[in-house]
Amino acid sequence: MHDKLELLLKKLNINNDEYKYFLDGKLEKIVGNKAKTNYNFYIELNTNIPYELYIKMNDKIKDIYSEFKSVNIFLNVLNMDESKIHEYYNNYIDIYSKDSPLLISFKDSKIEYDKSLKIYVNNKAEEMKLNSIKDKLVKDFNNSGFNFDIDI
């Protein structure tokens, strides 16, 4: 693990037992805007981390740097772990359904990954509802280290 990433993890109070997810990782860069109100931390990792750890990191970095308008972590994952896609998908659906309760019906939808994430629906109405969040879902997956498009 590179020193800059280790310093960041210590600042975020990441548990020592969670360091195993960051062994080959590095803090690539920190990018801020001219007004110094927005900062993005770009971290390169060998593989995807568990969803709960990703959310914990994002929450802690927002708390630590609360004086800034926006602070985000973006993961660049070299070897995508397909086994974690369903975990992230279900959690994103949980989050989105707080604003749009109908989305919870997609929580355990049949999904497959083959160079893109395929989400299966039963009818045109379901397709339209999922299409309404597709761009947000792609963005959230990309930010968390899953770089693919989504087909419904």
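Here, residues in each chain are numbered from 1, in the same order as that chain's written sequence. At least 70 in pLDDT is required for a residue's local features to be given in this predicted model, at least 80 for side-chain atom pairs to be given and counted, and no such filter applies to totals for whole chains, interfaces and linings, which use all residues. Derived side-chain values reflect all non-hydrogen atoms in the structure, with water molecules and hydrogen atoms excluded from consideration.

**Considering the sheet that holds strand β1 (residues 26-32)**
1) Next: Should DSSP find at least two bridges between two strands, the strands are taken to pair. What counts as a helix is a DSSP run of H or I of at least four residues, what counts as a strand is a run of E of at least two, and both are numbered from the N terminus. The strand order across the open sheet built from three strands is β1-β2-β3, with neighbouring strands paired in mixed fashion. With partners counted over all chains shown, the strands left at the sheet margins are β1 and β3 (70-77), one partner each. Each strand of the sheet is rotated relative to its neighbour by a mean of 20°, with strand direction disregarded.
2) Next: As defined by bridge partners, strand β2 (residues 38-45) adjoins β3 across eight bridges and the pair is classed as parallel. Residue Phe41 lies in a different strand from β3, and its bridge partner there is Ile73.
3) Next: Contacts were defined at the residue level, with two residues in contact if any of their heavy atoms lie within 4.5 Å. Here the axes come from fitting lines to C-alpha atoms, over the contacting stretch only for helices, and the angles between their N-to-C directions go from 0 to 180 degrees. The strands touched by helix α2 (residues 51-64) are β2 and β3; relative to β3, the strand with the most contacts, the crossing angle is about 150°.

**A few points about the pairing of strand β5 (residues 116-119)**
1) Next: In terms of strand pairing, strand β4 (residues 111-113) meets β5 through three bridges, oriented antiparallel. Across the sheet, residue Glu112 finds its bridge partner in β5, namely Lys118.
2) Next: Hairpin remark: β4 followed by β5, antiparallel, with two residues in the connecting loop; positive phi at Lys115, about 70°.
3) Next: Here three bridges tie β5 to strand β6 (residues 149-151), and the two strands are oriented parallel to one another. Residue pairing for β6: Leu117 is matched across the bridge by Ile150.
4) Next: When the strands point away from the viewer, a crossover counts as right-handed if the route from the first strand across the helix to the second turns clockwise. Crossover handedness for the path β5 to helix α4 (residues 124-143) to β6: right-handed.

**What to know about the pairing of β1**
1) Next: Here β1 runs beside β2; their pairing, made up of six bridges, is antiparallel. Directly across from Val31, in β2, lies its bridge partner Asn40.
2) Next: Counted along the chain from β1 to the antiparallel partner β2, the turn is five residues long, and its residue Lys36 has a positive phi close to 55°.

**Some thoughts on the packing of helix α3 (residues 85-99) against α4**
1) Next: Across the interface, α3 lies against α4 with an axial gap of 11 Å and an inter-helix angle of 130°. Here α4 runs oblique to α3, going by the angle between their axes. Remark: the crossing between α3 and α4 carries right-handed chirality. Contacts between α3 and α4 involve Ile85, Tyr88, Tyr89, Tyr92, Ile93 and Tyr96 from the former and Ile133, Lys136, Leu137, Asp140 and Phe141 from the latter.
2) Next: Classification used: nonpolar for Ala, Val, Leu, Ile, Met, Phe, Trp, Tyr, Cys and Pro, charged for Asp, Glu, Lys and Arg, polar for all others including Gly. For the contact of α3 with α4, the per-class residue count stands at nine nonpolar, no polar and two charged. For classification, angles of less than 35 degrees are called roughly parallel, those exceeding 145 degrees roughly antiparallel, those between 65 and 115 degrees roughly perpendicular, and all remaining angles oblique. In this scheme the crossing of two helices becomes right-handed for a clockwise turn of the near helix relative to the far one and left-handed for an anticlockwise turn of less than a right angle.

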